[in-house]
Protein chains: 2
Amino acid sequence: MTVTTRRRYDVDSLLAVAVAVFTERGYDGTSMEDLARASGLSKSSLYHHIDSKEQLLRLALERAVEPLFAVTREPGAVQGRAIDRLEHVVRREVEVLADRLPYVTLLLRVHGNTEAERWALEQRREFDRFVAGLVREAAGDGDVQDDLDPAVVTRLLFGMINSLVVWYRPDGPPSGARHTRMAPADLVGSVVRLAFDGLRR
Amino acid sequence: MTVTTRRRYDVDSLLAVAVAVFTERGYDGTSMEDLARASGLSKSSLYHHIDSKEQLLRLALERAVEPLFAVTREPGAVQGRAIDRLEHVVRREVEVLADRLPYVTLLLRVHGNTEAERWALEQRREFDRFVAGLVREAAGDGDVQDDLDPAVVTRLLFGMINSLVVWYRPDGPPSGARHTRMAPADLVGSVVRLAFDGLRR
């Protein structure tokens, strides 16, 4: 293999490979050998790019966590009525999920066995608390239907949104009954409409 | 140990133990020894009650599948406008989940490695198709909001409802941030209201 044909790896492409292997085999079940094989790199080349398997996990999890937290700092998330901020956050959360699907899938499956996983779980809880706070505030404003408990609404919203990682794929050919494919913009519209206005006409 | 103090096992209590062990360790990771230990029975007593580990799995899965399919045959599921039949099925599905939580949890986690698991996956798909059919029919009647794709609505409904096995517990003391506890009737009301009318007042 010559220098020109040798695959050049940057951290981005390495992360894309790692996140696929972690999700398929589980983080605990993945060895540096597995990552080397999947990326077509030798173990020593791999260590040229990263210090450890856990560093790779942390970087992969950051790809999901950072854009989610960026959403919570957007003007639409911090200005205006709580119900409108909540809608903004749900809309943008679905956009982030569609854009970062493999990374969010990994984030939703971590167990907490390592420092990186415990960090990710704490970030998830903090994001959940942010959304729960918006739901409670909107309920306090009288903008949520009376008979809906804010804690339950928050859980059901996350249940609905997080299920995307199982059944939604943004593009590519139809893949049978397993996945529903649709443009992210259409998906976002459907989730927001169902969550805020319900399915009944 | 005398005959009177020896624990008497019927299939019901054995199933309750088995479903907990299967869910915790995974079906593949559970041995007859594990089941004997968890149930406090000898392996030979265990074989007195059941023929095989897979038979126990099948019986446990039936505890979730049978009441779900019973719902699809109820008058409320087969008579009237599709949107009302859909509401009936969602309401009753949530009731079954709350009532059979450990069994439905197992049902949602099977992989399809054995005959019993493949049977369960096919039952899940058939139930999903039944609900998807109701959503499409309700959309055809003009009773679903125009901009909602029936396939996506079906996925989001299941995402919302199936998330219950993760965060909902019907009774007992509060268990921190992990679970939300509430009477089944209140849960059912919240799910139906959110799904059909949305959270916005």
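Residues numbered from 1 in each chain as written. Chains lettered and ligands numbered in written order. Predicted model: local features only at pLDDT ≥ 70, side-chain atom pairs only at ≥ 80, totals over all residues.

Draft legend 1. Up close: the overall build of chain A. When its secondary structure is counted, chain A shows 11 helices and two strands. When the helices and strands of chain A are read in sequence order from the N terminus, they spell out α-α-α-α-α-α-α-α-α-α-β-β-α. A separation threshold of at least 6 residues defines the contact pool for chain A, and within that pool the share at least 24 residues apart is 61%. (Helix = DSSP H or I, 4+ residues; strand = E, 2+ residues; numbered from the N terminus. Contact = placed C-beta atoms within 7 Å.)

Draft legend 2. Just helix α4 (residues 53–72) of chain A, in detail. All names here are of chain A. Taking 1.5 Å per residue, 20 residues should reach 28 Å; α4 reaches 29 Å between its end C-alpha atoms and fits that length. The axis of α4 is deflected most strongly, by about 30°, at Glu62. Of the residues making up α4, those classed as buried are Leu56, Leu57, Ala60, Leu61, Ala64, Val65, Leu68 and Val71. (Expected span 1.5 Å × (residues − 1). Bend = angle between axes of the 7 residues up to and from the residue. Buried ≥ 20, exposed ≤ 12 C-beta atoms within 10 Å, placed from the backbone.)

Draft legend 3. Spatial organisation of the relation of the copies chain A and chain B. Rotating chain A by 180° and moving it 0.0 Å along the rotation axis overlays it on chain B with an RMSD of 0.0 Å. Both chain copies can therefore be described as sitting about a two-fold axis. Taking C-alpha positions as the reference, the residue of chain A nearest the rotation axis is Gly198(A), at 1.8 Å. Most of the interface of chain A is mirrored in chain B, where 100% of its interface residues are also at the interface. (Least-squares fit on C-alpha atoms with pLDDT ≥ 70 in both.)

Draft legend 4. Seen up close, the interface of chain A and chain B. Every contact between the two is made by 32 residues of chain A and, on the other side, 32 residues of chain B. Of all elements in the fold, only α9 (150–162) and α11 (184–197) of chain A reach the threshold of two or more residues within the side of chain A that touches chain B. Tallying contributions element by element places α11(A) first for the side of chain A that touches chain B, with nine residues. The residue inventory of the side of chain A that touches chain B, partitioned by class, reads 16 nonpolar, eight polar and eight charged. (Nonpolar A, V, L, I, M, F, W, Y, C, P; charged D, E, K, R; others polar.)

Draft legend 5. Spatial organisation of the packing of helix α1 (residues 11–25) of chain B against helix α4 (residues 53–72) of chain B. All names here are of chain B. Between α1 and α4, the shortest axis-to-axis distance is 10 Å and the interhelical angle comes to 95°. When the interaxial angle is binned, α1 and α4 end up roughly perpendicular. Here Val11, Leu15, Ala18, Val19 and Phe22 of α1 come into contact with α4, specifically with Leu56, Leu57, Leu59, Ala60 and Arg63. For the contact of α1 with α4, the residue count by class is nine nonpolar, no polar and one charged. (Axes fitted to C-alpha atoms, helices over the stretch in contact; angles between N-to-C directions. Parallel < 35°, antiparallel > 145°, perpendicular 65-115°, else oblique.)

Draft legend 6. Fine view of the domain arrangement of chain A. All names here are of chain A. Along its sequence, chain A is carved into domain 1 (11–50) and domain 2 (60–197). Computed over C-alpha atoms only, the centres of domain 1 and domain 2 are separated by 28 Å. Contact residues are listed per partner, giving seven residues for domain 1 and eight residues for domain 2. Its residues assigned to classes, the side of domain 1 that touches domain 2 shows five nonpolar, one polar and one charged. (Domains from an automatic or database assignment.)

Draft legend 7. Up close: the nonpolar core. Of all hydrophobic cores here, the largest spans 105 residues; its most connected members are Ala60(A) and Ala60(B). Among residues more than four places away in sequence, those in contact with Ala60(B) are Leu15(B), Ala18(B), Val19(B), Phe22(B), Tyr103(B) and Leu106(B). (Core = buried A, V, L, I, M, F, W, Y, C linked by C-beta atoms within 7 Å.)

Draft legend 8. Quick peek at the environment of Arg73(B). Residues and elements named next belong to chain B. With respect to the secondary-structure elements, Arg73 resides in the loop between α4 and α5 (75–78). The exposed category is assigned to Arg73, around which 8 C-beta atoms lie within 10 Å. For the pair Arg73 and Val89, spaced 16 residues apart in sequence, the C-alpha to C-alpha distance is 9.8 Å.

Draft legend 9. Region of the structure containing the packing of α9(A) against helix α11 (residues 184–197) of chain B. Between α9(A) and α11(B), the shortest axis-to-axis distance is 10 Å and the interhelical angle comes to 55°. Viewed along their axes, α9(A) and α11(B) adopt a mutual orientation that is oblique. Crossing handedness for the pair α9(A) and α11(B): right-handed. Judged by residue contacts, Val152(A), Val153(A) and Leu156(A) of α9(A) engage Leu187(B), Ser190(B), Val191(B) and Leu194(B) from α11(B). (Left-handed = near helix turned anticlockwise from the far one by under 90°.)

Draft legend 10. Quick look at α9(A). All names here are of chain A. With 13 residues, α9 should cover 18 Å at 1.5 Å per step; its first-to-last C-alpha distance of 18 Å lies within 8% of that length. Most of α9 is tucked away, with 11 of its 13 residues classed as buried. Taken as a whole, α9 has its buried residues at Val152, Val153, Thr154, Arg155, Leu156, Leu157, Phe158, Gly159, Met160, Ile161 and Asn162.

Draft legend 11. Focus on the confidence of the model for chain A. Residues and elements named next belong to chain A. For chain A, the average pLDDT comes to 91, and 93% of its residues sit at 70 or higher. For the stretch residues 1–6, pLDDT sits under 50, and the model shows one contact to residues farther than four places along the chain or on other chains. Taken over the whole predicted complex, pTM reads 0.90, whereas the ipTM for its chain interfaces reads 0.89. (pLDDT = per-residue confidence, 0-100.)

Draft legend 12. Spotlight on the environment of Gly40(B). Looking at the element boundaries, Gly40(B) is found in the loop between α2 (32–39) and α3 (43–49). In sequence terms Gly40(B) and Glu126(B) are 86 residues apart; their C-alpha atoms lie 37 Å from each other.

Draft legend 13. Inspection of the environment of Glu95(A) at higher detail. Residue and element names in this part refer to chain A. Looking at the element boundaries, Glu95 is found in helix α6 (residues 82–99). The class for Glu95 is partly exposed, based on 17 C-beta atoms found within 10 Å. Here the alpha-carbon distance between Glu95 and Pro184, two residues 89 residues apart in the chain, equals 6.6 Å. Not counting residues within four places of it along the chain, the set of residues in contact with Glu95 comprises Pro184 and Val188.

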